[in-house]
Amino acid sequence: MSQSADVSFIGEDDSEYFRRLFDRTFNNLNTRYLLPADEDEVKRSELHHRMMQFVFQGNNYVGPVKEALQFGQHRRVAFNTYSVLDLGTGSGLWAINMADEFPRAEVIGIDLAPLQPRSVPPNCTFELCDLESGIPYPDGYFDFIHARSIHTGIRDYSQFLREITRLLRPGGLVLLIEPDLIPIVDGRPVARAPANLAAGEWSTFWETYRGCLTRQDIDVTVPQRLTDMLTATGAFENIVKRDGNIPVGFWPKDPHLLSVGQLQWLDYDLLLPALRPMFLFHGLTENQVQSLITGAQRDLYHPVAELSTHINIVHASKHL
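The text that follows walks through the structure, step by step, so that each part is easy to find. Keep in mind it's a predicted model, so treat the numbers as computed, not measured. (Residues numbered from 1 in each chain as written. Predicted model: local features only at pLDDT ≥ 70, side-chain atom pairs only at ≥ 80, totals over all residues. Heavy atoms only, no water.)

Focus on the overall build of the chain
And step 1. The helix and strand inventory of the chain stands at nine helices and eleven strands.
And step 2. Rg of the C-alpha trace for the chain: 20 Å, near the compact-globule value of 20 Å for 320 residues, within the 12% margin.
And step 3. With respect to the three principal axes, the spread of C-alpha positions in the chain is 65 × 45 × 35 Å.
And step 4. In the chain, which comprises 320 residues, the proportion classed as buried is 55%.
And step 5. Nonlocal contacts in the chain, meaning residues at least 24 apart in sequence, comprise 70% of its contacts between residues at least 6 apart.
And step 6. Accessible area of the chain: about 14,200 Å², with a carbon and sulfur share of 52%.
And step 7. Looking at the chain, you have 28 positive and 40 negative side-chain charges, and the mean spots of the two groups are 4 Å apart. (Helix = DSSP H or I, 4+ residues; strand = E, 2+ residues; numbered from the N terminus. Rg over C-alpha atoms; globule rule 2.2 N^0.38 Å. Buried < 20%, exposed > 50% of the residue type's maximum accessible area, 1.4 Å probe, protein only. Contact = heavy atoms within 4.5 Å. Areas by Shrake-Rupley, 256 points an atom, 1.4 Å probe, with all protein chains shown as cover. Lys, Arg positive; Asp, Glu negative; His and termini not counted. Charge placed at Lys NZ, Arg CZ, Asp CG, Glu CD.)

Structure, rendered in structure tokens:
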């Protein structure tokens, strides 16, 4: 296991990377990105990471990752290493876990804010980078690229995929993971909440969130279109989609799904108040925002329906 230290937050050395907005701390590198960069958001990132580990049966990935890295090892035999990139690393847990699992790999995590641990495995580094401004590494540098739950910060996802294509070596692997932004209530996706719908306030909250993202020029349909968008690049083969519904809360009877549902519940419990600044920024009044959050919390804390969300998982290899 890695010997990582506690996360270091705003202080004398890194305060320039942060700003305050509506009583929460945000990154200062991309002011268009309106999810916080503070302790609660780090906790949420960690919860999401652990939830995905349950989804992946204790692993940090799906797909032919080991094969891709072994190929990279032979390609770079002179350096006796291979490179892994984690885009939007958040708390950095995924990158740290990968560095532990592959001690001969160079693992790099990049994000908008320095929220990651300061003490990490020797083969793991974290760097600041705005993904929308380009990623400063040479063509074909990486053997494996991982991007999880970051499409809400990418205005041109097609360009983002072209940048991933540039960064991957021939035969390299990409793994994309994006949850839908349309909630599922009693097994049915609900884009707009009719008046008599169970958990209607939950659905209204998500409808408002999608509306705010759309005003920021974010394409909220990206998660459902990952496979088509990768195919459209013309650069990938062996495109595999693995998706499914993630329970939210404590209703699953299966112990494994119950653990997944509990972690997703905790994630959303932190997400609801985290979106307050975004709603206020887009012109909703304090009363409107409080009503949205309180209503969604009511459906989360005292559910009258089974809540879940759909997650899209796609991996593919770059053409040789």
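What about a nonpolar patch on the surface?
And step 1. A surface patch of nonpolar side chains, amounting to about 240 Å² of accessible area, comprises Tyr17, Leu29 and Leu128.
And step 2. As for its placement among the helices and strands, Leu128 is situated in strand β5 (residues 124-128).
And step 3. Leu128 sits in the partly exposed class, given a relative accessible area of 36%. (Patch = residues over 30% accessible without salt bridge, like charges linked within 9 Å, V, L, I, M, F, W, Y side chains within 5 Å. Salt bridge = Lys/Arg side-chain N within 4 Å of Asp/Glu carboxyl O.)

Some points on the pairing of strand β1 (residues 18-21)
And step 1. The sheet contact formed by β1 and strand β2 (residues 24-27) spans four bridges and is antiparallel. Following the sheet pairing, Arg19 is matched in β2 by Phe26.
And step 2. Between β1 and β2, which follow one another and run antiparallel, lie two residues, and Phe22 among them has a positive phi close to 50°. (Pairing = 2+ DSSP bridges.)

Concerning the side chain of Thr208
And step 1. Along the polypeptide, Thr208 turns up in helix α5 (residues 200-215).
And step 2. In terms of polar contacts, Thr208 uses its side chain to reach the backbone carbonyl oxygen of Thr204, at 2.9 Å.
And step 3. Once residues lying within four places of it in the same chain are set aside, the contact partners of Thr208 are Phe279, Leu284 and Leu292. (Polar contact = N/O pair within 3.5 Å; in protein donor to acceptor, adjacent residues only side chain to side chain.)

A short note on unusual backbone geometry
And step 1. Not every positive phi belongs to a glycine, and Asp23 is a case in point at roughly 70°.
And step 2. By secondary structure assignment, the location of Asp23 is in the loop between β1 and β2.
And step 3. Assessed through its relative accessible area of 59%, Asp23 is described here as exposed.
And step 4. The backbone of Asn238 shows a phi angle near 50°, a positive value even though the residue is not glycine.
And step 5. For Asn238, the position within the fold is in strand β10 (residues 236-248).

As for the pairing of strand β11 (residues 307-318)
And step 1. Of all twelve residues that make up β11, twelve are buried, and the element is covered over most of its length.
And step 2. Of the two faces of β11, the one lined by Leu307, Thr309, Ile311, Ile313, His315 and Ser317 and the one lined by Ser308, His310, Asn312, Val314, Ala316 and Lys318 are each fully buried.
And step 3. Alignment of strand β7 (residues 168-179) against β11, held across seven bridges, turns out to be antiparallel. In the sheet register, Leu175 faces β11, and the bridge partner there is His315.

So, the layout of surface pockets
And step 1. Empty space within the second largest pocket amounts to approximately 160 Å³.
And step 2. For the lining of the second largest pocket, the per-class residue count stands at three nonpolar, two polar and four charged. (1 Å grid on protein atoms, 1.4 Å probe; cavity = no way out; pocket = protein on both sides within 12 Å on 5 of 7 lines; lining within 4 Å. Points joined across faces, edges and corners; volume = space filled by probe spheres on them. Nonpolar A, V, L, I, M, F, W, Y, C, P; charged D, E, K, R; others polar.)

What about empty space enclosed by the protein?
And step 1. Taken as a whole and assessed by the stated rule, the structure comprises four cavities of 30 Å³ or more.
And step 2. Its residues assigned to classes, the lining of the second largest cavity shows two nonpolar, four polar and three charged.

Let's talk about the pattern of salt bridges
And step 1. Scanning all chains against the criterion turns up 14 salt bridges.
And step 2. Across the pair Arg44 and Glu41 runs a salt bridge whose closest N-O atoms are separated by 2.7 Å. One end of the pair is Arg44 and the other is Glu41, both in helix α1 (residues 39-55) and three residues apart, which spans about a single turn. For the residue pair Arg44 and Glu41, the accessibility class agrees, reading buried in each case.

Quick word on the nonpolar core
And step 1. By size, the foremost hydrophobic cluster in this structure holds 34 residues, and its most contacted members are Trp202, Phe205, Trp206, Tyr209, Leu275 and Phe279.
And step 2. When residues of this core are traced back to their parent elements, those giving at least two are α5, α7 (255-274), α8 (276-281) and α9 (286-301).
And step 3. By residue number, the principal contributor to this core is α5, which donates six residues.
And step 4. Judged by nonpolar contacts, the second largest core, of 30 residues, contains Tyr61, Val62, Trp94 and Cys124. (Core = buried A, V, L, I, M, F, W, Y, C linked by side-chain atoms within 4.5 Å.)

Here we look at the packing of aromatic side chains
And step 1. Evaluation of the coordinates by the stated rule reveals 14 aromatic pairs.
And step 2. Summarising the aromatic geometry, the rings of Phe205 and Trp206 are spaced 6.4 Å apart at their centres and angled 75° between planes, so their arrangement reads as edge-to-face. Per residue, the accessibility class of Phe205 equals that of Trp206, and both read buried.
And step 3. Joined through ring pairs, the aromatic side chains of Trp202, Phe205, Trp206, Tyr209, Tyr268 and Phe279 make up one cluster. (Phe/Tyr/Trp six-rings, centres within 6.5 Å; stacked < 30°, edge-to-face > 60°.)

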